[in-house]
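# Topology and contacts: notes
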Amino acid sequence: MLQERQIQIQHPLWQFKLKILRLVMFISSIVFTMAVFLQVVARYLFNYSLFGIEEFASFAGVIMYFIGAAYATHERSHISASLIDTIFGEGRITAGVHAFTRLLAFLLTLYILSSLFDLFIFTERMNTKSVELRLPMVWIYGTMLVGLGLTAFYFLLEFYDSLRATIWHVPAEETKQ
Amino acid sequence: MSSLILMDVAILVTLMILGVPVALTFVAAAAFLVIFGDYNSTTFLITAGYSKVSSVVLLAIPLYILAGGIMTQGGIARRLLELADSILGRYRSGLGVVTVITTAIFGAISGMASSAVAAIGSIAIPRMVEQGYDRGYATSLVSCSAVLALLIPPSATMILYGWVTGTSIAACFLAPLIPALLLIVLFSLWNMILTRKMDIRVAEPVSFNVQVKTVYRRAREAGFGLAMPLIILGLIYGGVTTPTEAAAVAVVYALPVAFMIYRELTFRSFYDVVWKSAQVTAVLMLVIFTANMLARVLTLEEVPQQILETMLAVSDNPIVLLLLVNAFLLMIGMFMEDVSGILLAAPLLLPVVTEAGVHPVHFAAIIGTNLGMGLITPPTAPILYFGTLIGQTTLAKVVNPTLVFVFLAYFPVVLLTTFIPQLSLWLPSLITGL
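Described in the following lines is the structure provided in the data block.

On the chain A side, the residues contacting the 56 residues of chain B number 58 residues. Counting each side, the surface lost to burial between chain B and chain A is near 4900 Å², with a carbon and sulfur contribution of 80%. At the boundary of chain B with chain A, the tally comes to 1 salt bridge. At the junction of chain B with chain A, the criterion picks out 7 residue pairs in polar contact (both at pLDDT 80 or more). Counting only elements with at least two residues in the side of chain B that touches chain A, the list comes to helix H1 (3-18), helix H2 (22-36), helix H3 (43-53), helix H4 (60-73), helix H13 (243-261) and helix H14 (267-300) of chain B. No other element matches H14(B), which puts 16 residues into the side of chain B that touches chain A.

What follows is the structure, given as structure tokens:
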């Protein structure tokens, strides 16, 4: 089973997906940096304000936040303040609690996802557009759905790893990329 | 307070202790209130979170993190450390003082306590150990100093506070600056006292001329990095740009410095720095997104008013109220990192401190120093734990010196900041007019 999982994380398609996530994070970061900088240059050098550029920058930011959140879940780098690891150290109890918390994290992400999906459907029906650039809001909510969907998926994988660590004593680190 | 709210707090704390990611503990707390409250739809939770994270003001945070990341990759940490070392390094316990000052300045450049621990700690701790400092002590000194990143402008924590409470970010940047300087002085003094019994070896003395030349050479090398926070602050306080725009200028400034002047950044490492900074930001932004979901429900449930009434029922004496607020903030700081702490505590406690006659800018300094102390106070102490990883030591070896820094440096500064408003209001009123 461990071999299967290791093959899975080495699979070119899996690696390609991670590369795409990193590329989206890179491009969106560059886009909002340049957008804000252009606004500074336009305003202070040419005394001209670029209409809608702040909204454009904030959209690029939102894309980066949610795709980045998914990648951070894959990297297991979300902020948590666990005392269990400190008290019990490595072992079955910690792995068991870890499995429980990851399952909870997966379910809570699904809870946000379902609310977001409702909003996505509503926005699509109402054809809601952004205030300045008149961009369809479903694009932004759609990106958030993708990001949160991947976040839920990675939490589920982490739950699976922790569960195996609890039941079969497989160190979770071995399956972590 | 209602039993529903108390149960909600219990859920929040329990899930945090168990290790559920902080962002999702906020979702759990919000979901609990929504399920047991009188709400027909949950989409308002998403719009509450989205309306906040899509704010242009908040773009300052990823931009500062990116600028700090580029500078770090460009090798600014080593250059800063070498500059400070050339000035103070030949004195006994001088390297400890050098570490405190460098970590504080680096914190100002990177805006993140964890970056300061990683960048300065990985260079300074081995160097201190080589000179004869105790490894646990060196790790503790770096970790405690790194928390100054929250207090020295431009600070991500202060951007968040200003944004959440609708207070001037320029004024909030300046509010915790004097408390931060007091902390630098106290850390340096305690460093001299605590290292008295250590067998520290210092370099051979050199002539005055040689030292001046060395300081000049290293100042020239570090100058481009040191200029970055000055440019940012100059742009903001000169009224030229907003904090977000100043952050974008900082990124654009950092690029030629790291690529062409320091020559330590390649296109490959630039790509990595950008997406890694994006990842760090995304983690914070998810916390901000979900904290705003919870904040919306708490506001609908009138929790800030309930907290105010509960605290006023204990006492209406401003001193007692402020002591209670400090205790509350310390508890929050012990269990949460600074971003979550600010997002949760600032809107809840602002009505209470306003009732006690505290100015919102003064409260920025109070909340900053308290949450900073929480980051290095066990049991959770995230920065201290991170420091032990960088310093390759155990928590047991770090705890004793940390308790000295917490109780004999941080705690007095927290009290001074709370009860002497001039410490945090003098600079903002002088520069921004307040």
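The discussion continues.
All names here are of chain B. Helix length check: helix H5 (residues 76-88), at 13 residues, gives a terminal C-alpha distance of 18 Å against a target of 18 Å (1.5 Å per residue), a fit within 8%. With 10 of its 13 residues buried, H5 lies for the most part within the structure. Summarising the contacts, the buried residues of H5 are in contact with H4, helix H6 (94-110), helix H7 (113-131) and helix H12 (208-237).

Residue and element names in this part refer to chain A. Going through the model one piece at a time under the given rule, you end up with 18 aromatic pairs over all chains. Each ring, one from Phe117 and one from Phe120, has its centre 6.5 Å from the other, and the planes form 20°; the classification is stacked. Here Phe120 and Phe117 lie together in helix H5 (residues 92-126), a separation of 3 residues that amounts to about one turn. Judged by relative accessible area, Phe117 falls into the partly exposed class, the value being 42%.

Moving on to the side chain of B:Ser55. Residues and elements named next belong to chain B. As for its position among the elements, Ser55 is in the loop between H3 and H4. Look at Ser55 and you get buried, because its relative accessible area is 15%. Engagement of the side chain of Ser55 in a polar contact is seen with the backbone nitrogen of Val57, the distance being 3.1 Å. At a separation of 3.3 Å, a polar atom in the side chain of Ser55 contacts the side chain of Trp163.

About the cut-offs
Residues numbered from 1 in each chain as written. Chains lettered and ligands numbered in written order. Predicted model: local features only at pLDDT ≥ 70, side-chain atom pairs only at ≥ 80, totals over all residues. Heavy atoms only, no water. Contact = heavy atoms within 4.5 Å. Buried area = accessible area lost by both parts, 1.4 Å probe. Salt bridge = Lys/Arg side-chain N within 4 Å of Asp/Glu carboxyl O. Polar contact = N/O pair within 3.5 Å; in protein donor to acceptor, adjacent residues only side chain to side chain. Helix = DSSP H or I, 4+ residues; strand = E, 2+ residues; numbered from the N terminus. Expected span 1.5 Å × (residues − 1). Buried < 20%, exposed > 50% of the residue type's maximum accessible area, 1.4 Å probe, protein only. Phe/Tyr/Trp six-rings, centres within 6.5 Å; stacked < 30°, edge-to-face > 60°.

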